[in-house]
Amino acid sequence: MMLDTPKITRPDGARPVIRQLDEAAINRIAAGEVVERPASAVKELVENALDAGARRITVDYADGGKTLIRVTDDGCGMTAEDLPLALSRHATSKIDGSDLLNIRSFGFRGEALPSLGAVGRLSLTSRAEGHEGVSLAVEGGRMGAVRPAALTRGTVVELRDLFYATPARLKFMRSDRAEMGAISDVVKRLAMAEPHVGFTLRDVSGGGEGRVVFRADPENGDFFDALHGRLARVIGADFAENALRIDLEREGLALVGYAALPTYSRGSSVAQFLFVNGRPVLDKMLFGALRAAYMDVLSRDRHPAAVLNLVCDPERVDVNVHPAKSEVRFREPGTARSLIVSGLRQALAGAGHRASSTVADETLAAFQPEPAAPAPRIYQMDRPSQTSLTRAYVAQAPQDFGFAEAPSARVAAVAPAEPDLTARPLGAARAQLHENYIIAQTARGMVIVDQHAAHERLVYERLKAQAADSGIAAQALLIPEIVELSVADAARLLDVAEELAVLGLVVEAFGGGAVAVRETPAILGRVDAAALIRDIVDDLADLGTSDRLKGRIDAVLSRMACHGSVRSGRQMRAEEMNALLREMEATPLSGQCNHGRPTYVELQLADIERLFGRR
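Given the structure is predicted, the values throughout are model-derived calculations rather than measurements. (Residues numbered from 1 in each chain as written. Predicted model: local features only at pLDDT ≥ 70, side-chain atom pairs only at ≥ 80, totals over all residues. Heavy atoms only, no water.)

Glancing now at the pattern of salt bridges. Here the structure, examined in full by the defined rule, presents 28 salt bridges. Ionic pairing is found between R121 and E139, a salt bridge with its closest N-O pair at 3.2 Å. Placement of the pair is R121 in strand β3 (residues 121-127) and E139 in strand β4 (residues 134-139), with a sequence separation of 18 residues. Residue R121 is classed as partly exposed on the basis of its relative accessible area of 30%. For R424, the salt bridge is made with E585, and the minimal N-O distance between the two is 3.1 Å. Pair noted here: R424 is in the loop between β17 (410-411) and β18 (428-433) and E585 is in helix α18 (residues 574-586), with a separation of 161 residues, a long-range link. According to the relative accessible area criterion, E585 is buried, its value standing at 15%. (Salt bridge = Lys/Arg side-chain N within 4 Å of Asp/Glu carboxyl O. Helix = DSSP H or I, 4+ residues; strand = E, 2+ residues; numbered from the N terminus. Buried < 20%, exposed > 50% of the residue type's maximum accessible area, 1.4 Å probe, protein only.)

Our next topic: the packing of helix α2 (residues 38-51) against helix α4 (residues 112-119). Between α2 and α4, whose axes approach to 10 Å, the crossing angle comes to 140°. If you check the angle between α2 and α4, you find them oblique. For the pair α2 and α4, the sense of crossing is left-handed. Residues A41, E44, L45 and N48 of α2 form the contact with α4, whose participating residues are A112, L113 and L116. Here the contact of α2 with α4 is composed, by residue class, of five nonpolar, one polar and one charged. (Axes fitted to C-alpha atoms, helices over the stretch in contact; angles between N-to-C directions. Parallel < 35°, antiparallel > 145°, perpendicular 65-115°, else oblique. Left-handed = near helix turned anticlockwise from the far one by under 90°. Contact = heavy atoms within 4.5 Å. Nonpolar A, V, L, I, M, F, W, Y, C, P; charged D, E, K, R; others polar.)

Turning our attention to the nonpolar core. Burial of nonpolar side chains together is a common tendency in soluble globular proteins. If you look at the biggest cluster of nonpolar residues, it comprises 61 residues, and the most contacted ones within it are V46, I57, L122, L124, F199 and F239. Looking at this core element by element, the count peaks at nine residues for helix α6 (residues 176-193). Residues within four places of L122 in sequence aside, it is in contact with L87, L113, L116, G117, L136, A137, V138, V157, E158 and L159. Counting 35 residues, the second-largest nonpolar core is a separate cluster that includes V276, A292, C312 and L344. (Core = buried A, V, L, I, M, F, W, Y, C linked by side-chain atoms within 4.5 Å.)

Next up on the list: the packing of aromatic side chains. Tallied over the entire structure, the rule returns three aromatic pairs. On the basis of an interplanar angle of 75° and a centroid distance of 5.5 Å, the ring pair of F223 and F224 is categorised as edge-to-face. Of the residues examined, F223 reaches a relative accessible area of 31% and is grouped as partly exposed. Three or more aromatic residues joined by ring pairs form one cluster here, namely F223, F224 and Y258. The positively charged end of R245 is found above the aromatic ring belonging to F224, 3.9 Å away from the centroid. (Phe/Tyr/Trp six-rings, centres within 6.5 Å; stacked < 30°, edge-to-face > 60°. Lys NZ or Arg CZ within 6 Å of the ring centre and 35° of its normal.)

Following this line, the structure appears as structure tokens:
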């Protein structure tokens, strides 16, 4: 940046000459865009196998993919005439070139195989139905001759010594373990995109059959059943058990998949997987929409878990905007974002008071039985009979010696007029512990409720409903505050002026790039209008929309709910506790407080009995 001479000036001062690069250089440049690391090569080859209709795919690698990557599939295969074309640039069977917007396959550019052949030692062995098996090798861009080969069906692509032709790229490679993790992540993402396809990932670094790192057999059933089974295998049974089925459609866009309950949140975004028409993407706008959907039920340091596929007509999304096809561009991005945000919020609200089962698992894990002294060895002839055990249990059963008259906690008697309360989801209140925790009995076990967190959520939902019905009151500024922005930022802000006015923020154009802030939300009190406007503008430039103002209003309502709810330390009567439980059952999102923490824990009777050795 400090040099004052053009980058292409020659030492002798001669004018630079434009020249045509040779095919090898072109392929190596293309490889730099498409193949960033071994995981990139795996992604391209597995996507080719899926496009070929494969039902089972095996990926072998050695030394983190640096010395060997082998992808075997049972797809349609290729003929002797196809192989040389497959290794030629911009030769593909997936599109005819007449319509680059109607793309229904993973690949379409025809660059992956020739790019890999330019920077490594690549061999293709394939057999199409009704044809003989054939093989073709290319090394550093130099193609060999087509030879006969033995193969039952499908294709085997073997890539050895990646980047051997461009040794400078090897210096930027990470450790074998890191590259292995990246390969595993790619395969798992594609496995989630195609649940009816079987995947096997093996590490063959030591030679031989190697070690199976990941295996997912083809799932059966319809799409949702297959996806649910695949997610249990890839992400874990806990996610599958605590995920909500998402199946929404609006204005020609469909959103399908599974989204986890807010109480099943993560410390980072590692459990967020988004797809567009089955293609794994890392699109900033889509991830922002996912975050916005959970904004009201998670604190800032927690992240939602979800596997979602946005399905639309291929002509409504451009997948040819990124070399690795990891980003997309929608024709109507606002519609796509709105579907994700509103659809997920609707699904979360529909879950009602449901909370993650992992909360109960963690609670049970916290119970530690009293360590017992080692028991003396009992031989078979010394074991008591079942009849003797039964008599002993009866004899040792506690009698009514007045234990109930001196409880360690306040016991709330249930009104006899409502004997069926235990059949309700949150059961019937039986006691209150430490003036903060309600103990309720259900038909299947017991529930422990944090009375303050639960009531805080109920009050918060009521305040939001009242604000939505009556609108957000605005306070007029005595002197409008003028905020200087760039012309482009001012235009973005004024485009959403009507939406901001509904939330109590009124802005008007003031000439050039300046805007005048005339009213601010009254609920926020004194506001640094300039800072708020610039934050909103940053969101608009980055994501195309902004939830910042609504987030600040909701934060105020949340604080109001905290101060207006039942405090810890207050004793509650039985009817009050039962009324709280009934309202929780009827209120959406009552399974977690305003910060995403659970409001109750449910323990199954079978688990409690297991703690005491009764099962």
